[in-house]
Amino acid sequence: MISEHKLNLSLKDIPQFTKNLVGELKPLDINKDILFDIRLVIEEALANAIKHGNKMDLTKNVFLKINASSKRIDIEIKDQGKGFDYKKLPLPTEKENLHKYSGRGVFLIRKLMTQVKFFDNGARIKMTKLLKK
Amino acid sequence: MISEHKLNLSLKDIPQFTKNLVGELKPLDINKDILFDIRLVIEEALANAIKHGNKMDLTKNVFLKINASSKRIDIEIKDQGKGFDYKKLPLPTEKENLHKYSGRGVFLIRKLMTQVKFFDNGARIKMTKLLKK
Amino acid sequence: MKIAQENKNDVVICKIDGEINISTSPELRKFFDNLVQNKTKKIILDFTSLSYIDSSGLATLIELLQRIKKIDGKFYICNMSDKIKNIFEITKLHKLFEVFENQELALNKF
Amino acid sequence: MKIAQENKNDVVICKIDGEINISTSPELRKFFDNLVQNKTKKIILDFTSLSYIDSSGLATLIELLQRIKKIDGKFYICNMSDKIKNIFEITKLHKLFEVFENQELALNKF
Ligand SMILES: Nc1ncnc2c1ncn2[C@@H]1O[C@H](COP(=O)(O)OP(=O)(O)O)[C@@H](O)[C@H]1O
Ligand SMILES: Nc1ncnc2c1ncn2[C@@H]1O[C@H](COP(=O)(O)OP(=O)(O)O)[C@@H](O)[C@H]1O
């Protein structure tokens, strides 16, 4: 199943949207813990795209592609912002960061997906999860 | 919100899929009776595409596009079949057809949408619902 | 879909919770078959909690109507939401089925 | 999200049903604020029915932890599903929070 989306969601709409989006994958019979991870990484990447990329400007869009089979799930999310220095993010698991309210999104994405790559200076993220059957 | 989908669903997966698909429109704050109609017409068109168009061949795909705003919803569904004579469908509301198990899909689509057009001999349907706010 | 069965004298009331669609229809058909096999001749389908129906669900209801007629039984529908009623009216199926505003009116009709 | 509150002596147990995410976090925060304002110093969050949490949900929990510490209180978490536990472990937040297998173990710790 492949789907492409042009979105202008506000932050509070994200959970409902991702819940339905991941719900569409149910016919593929993917383990529910994996669907949890997939939903979480989409949510984190969408929140970043809306908040940091598009800076909450709802006239800007976020573009989302999913290509899912029972073997792998590929996701691409792109915003209309300037990107960021994705190689220089502080580790949220360091003692001095453990109490912080933010800084876990990209880290979770990297941990939960098999492969993560940034493009366009960071304004476009491509991530893949390989599924063992 | 715009989304495009390349699908290979089996018939029994349709209701769950359309429920999630229409769920994605919730941020647009569209009246729930209208979302009922939108879900129904997508379901009927998808069922036709899978059953009559692709003849249940799951190596074939169905392509679905939705463009939704608070003003109008445009839907396009395309299968990989030969189409059909969409101008010559019996009316399901005629007395002799009222007891029949089938033949209500296209009729419901025409009744519930503002505009319905067929292309590619019937293998592609475009439908629009205009929303009053 | 969930079906809650309640018996009032010789009438069986089936409260349908959820959707009658292409994937839930077999369940409803099976439930109904059991009733008919047990010679139940008076059935009410209560649609209070029916949230959705598609054309394959409508087809299933027509099928049920024909089965109950074969054993000289009757089934009534009650408590349709406005939206479901609208679908029945568009397809003119409100003429095929006997539809009542509420359970009491349906019960009194038997 | 639904929160069911149960009091056992001076401990308040909050059973969270649903998701802690960017749109439900304010609700949890408000609920917690009320408890703290009423000088509740012993709180257990029961995660039995927690189906989902995202990074903004994690942030909310960290916030709550800091609030309860300010009034010299404590809050424990119990009954995490394996998946939620996995998210806490990846982010190492299981080191920040006091997490227990079940309510009893958490209750005994106060
Ligand atoms: N799409 C993006 N566009 C611009 N900056 C981004 C984007 N995604 C992430 N960032 C930057 O990377 C930082 C870390 O992101 P993340 O790990 O998700 O944590 P958080 O969003 O909680 O700060 C953000 O604070 C932001 O500065
Ligand atoms: N996408 C399609 N490709 C080929 N034939 C179609 C398609 N959609 C509809 N049809 C034809 O039109 C008829 C009427 O369709 P419909 O009104 O949905 O009723 P039903 O599917 O219950 O027969 C179908 O029986 C089929 O022959």
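What counts and what doesn't
- Residues numbered from 1 in each chain as written.
- Chains lettered and ligands numbered in written order.
- Predicted model: local features only at pLDDT ≥ 70, side-chain atom pairs only at ≥ 80, totals over all residues.
- Heavy atoms only, no water.
- Contact = heavy atoms within 4.5 Å.
- Buried area = accessible area lost by both parts, 1.4 Å probe.
- Salt bridge = Lys/Arg side-chain N within 4 Å of Asp/Glu carboxyl O.
- Polar contact = N/O pair within 3.5 Å; in protein donor to acceptor, adjacent residues only side chain to side chain.
- Helix = DSSP H or I, 4+ residues; strand = E, 2+ residues; numbered from the N terminus.
- Axes fitted to C-alpha atoms, helices over the stretch in contact; angles between N-to-C directions.
- Parallel < 35°, antiparallel > 145°, perpendicular 65-115°, else oblique.
- Left-handed = near helix turned anticlockwise from the far one by under 90°.
- pLDDT = per-residue confidence, 0-100.
- Pairing = 2+ DSSP bridges.
- Least-squares fit on C-alpha atoms with pLDDT ≥ 70 in both.
- Near = heavy atom within 4 Å.
- Nonpolar A, V, L, I, M, F, W, Y, C, P; charged D, E, K, R; others polar.
- Buried < 20%, exposed > 50% of the residue type's maximum accessible area, 1.4 Å probe, protein only.

Remarks on the interface of chain B and chain C
With 22 residues of chain B at the contact, the number on the chain C side is 24 residues. The three residues of chain B that bury the most area against chain C are Phe36, Leu98 and Tyr101 of chain B, which together make up 31% of that side's buried surface. Scanning the region where chain B abuts chain C turns up three salt bridges. Residue Arg39 of chain B pairs with Glu19 of chain C through a salt bridge whose shortest N-O separation is 2.8 Å. Summed over the shared surface of chain B and chain C, the number is six residue pairs in polar contact (both at pLDDT 80 or more). Mapped by element, the contributors of at least two residues to the side of chain B that touches chain C are α1 (14-23), α2 (32-53) and α3 (105-112) of chain B. Broken down by element, the side of chain B that touches chain C gets its largest block of residues, seven residues, from α2 of chain B.

Looking at the packing of helix α1 (residues 14-23) of chain A against α1 of chain B
Packing of α1 of chain A against α1 of chain B brings their axes to within 8 Å, and their N-to-C directions diverge by 155°. Our classification of the angle between α1 of chain A and α1 of chain B gives roughly antiparallel. The hand of the α1 of chain A/α1 of chain B crossing is left-handed. Across the interface between the two elements, Gln16, Lys19, Asn20 and Gly23 of chain A from α1 of chain A touch Gln16, Lys19, Asn20 and Gly23 of chain B from α1 of chain B.

Quick word on the confidence of the model for chain C
Averaged over all residues, the pLDDT of chain C equals 96, while 100% of them reach at least 70. Model confidence for the complex: the whole-complex pTM is 0.85, and ipTM, which rates the interface, is 0.81.

As for the sheet that holds strand β2 (residues 62-68) of chain A
Taking strand neighbours across the sheet as the criterion, the 10 strands line up as β4(A)-β5(A)-β3(A)-β2(A)-β1(A)-β1(B)-β2(B)-β3(B)-β5(B)-β4(B) in an open arrangement whose pairing is antiparallel. Every other strand in the sheet has two partners, leaving β4 (115-119) of chain A together with β4 (115-119) of chain B as the edge strands with one partner each. On average, adjacent strands in this sheet sit at an angle of 10° to one another, irrespective of strand direction. As defined by bridge partners, β2 of chain A adjoins strand β3 (residues 72-78) of chain A across six bridges and the pair is classed as antiparallel. When the bridges of β3 of chain A are listed, Lys65 of chain A appears paired with Glu76 of chain A. Its contacts with the sheet place α2 of chain B against β1 (2-7), β2 (62-68), β3 (72-78) and β5 (124-130) of chain B, and it is angled at close to 10° to β3 of chain B. This element, α3 of chain B, spans β4 and β5 of chain B of the sheet and lies at about 135° to β4 of chain B.

Topic: the relation of the copies chain A and chain B
Each copy superposes on the other: chain A lies on chain B with an RMSD of 0.0 Å after a rotation of 180° and an axial shift of 0.0 Å. Here the symmetry operator amounts to a two-fold rotation axis. Interface overlap between copies is the fraction of interface residues in one copy that are interface residues in the other; for chain A against chain B it reaches 100%, indicating a shared surface.

Side note on the site of ligand 1
All names here are of chain A. Taken together, the residues surrounding ligand 1 are Asn48, His52, Gly53, Asp79, Gly83, Phe84, Leu89, Ser102, Gly103, Arg104, Gly105 and Val106. Backbone polar atom of Gly105 to an oxygen atom of ligand 1: 3.2 Å apart, as the coordinates give it. Contacts to ligand 1 include Val106, whose backbone N or O atom sits 2.9 Å from an oxygen atom. When residues of the shell around ligand 1 are traced back to their parent elements, those giving at least two are α2 (32-53) and α3 (105-112). A total of three residues in the shell around ligand 1 trace back to one element, the largest contributor, which is α2. Class assignment for the residues of the shell around ligand 1 results in three nonpolar, seven polar and two charged.

Observations regarding the pairing of β2 of chain A
Residues and elements named next belong to chain A. Judged by which residues are buried, β2 turns out to be one-sided: Val62, Leu64, Ile66 and Ala68 face inward and are buried, whereas Phe63, Lys65 and Asn67, on the alternate face, are not. Direction of pairing for strand β1 (residues 2-7) relative to β2: antiparallel, over a ladder of six bridges. Within β2, the residue paired with Leu7 across the bridge is Val62. If you look at the hairpin formed by β2 and β3, you'll find three residues sitting between the two strands.

Here's the deal with the arrangement of the chains
One finds no contact between chain B and chain D; the C-alpha atoms of the two approach each other to within 12 Å at their closest. Chain C shows no contact with chain D. Their nearest C-alpha atoms sit 20 Å apart.

Here's the deal with the pairing of β5 of chain B
All names here are of chain B. Along β5, five of the seven residues are buried, which leaves the element largely enclosed by surrounding structure. Looking at chain direction, β3 and β5 are connected through seven bridges and run antiparallel. In the strand pairing of β5, Asp74 is matched with Thr128. When β4 meets β5, the two strands line up antiparallel, connected through five bridges. Each bridged residue has a counterpart across the sheet, and for Gln115 the counterpart in β5 is Thr128. The hairpin formed by β4 and β5 contains four residues between the paired strands, and Asp120 there has a positive phi angle of roughly 50°.

Section: the interface of chain A and chain B
On the chain B side, the residues contacting the 19 residues of chain A number 19 residues. Note on chain A versus chain B: buried area summed over both sides is about 1600 Å², and carbon and sulfur give 57% of it. Counting the contacts that link chain A with chain B gives zero salt bridges. Summed over the shared surface of chain A and chain B, the result is five residue pairs in polar contact (both at pLDDT 80 or more). Residue assignment for the side of chain A that touches chain B shows that the elements contributing at least two residues are β1 and α1 of chain A. Its residues assigned to classes, the side of chain A that touches chain B comprises seven nonpolar, six polar and six charged. Where β1 of chain A and β1 of chain B come together, five bridges link them in antiparallel fashion. When the bridges of β1 of chain B are listed, Ser3 of chain A appears paired with His5 of chain B.

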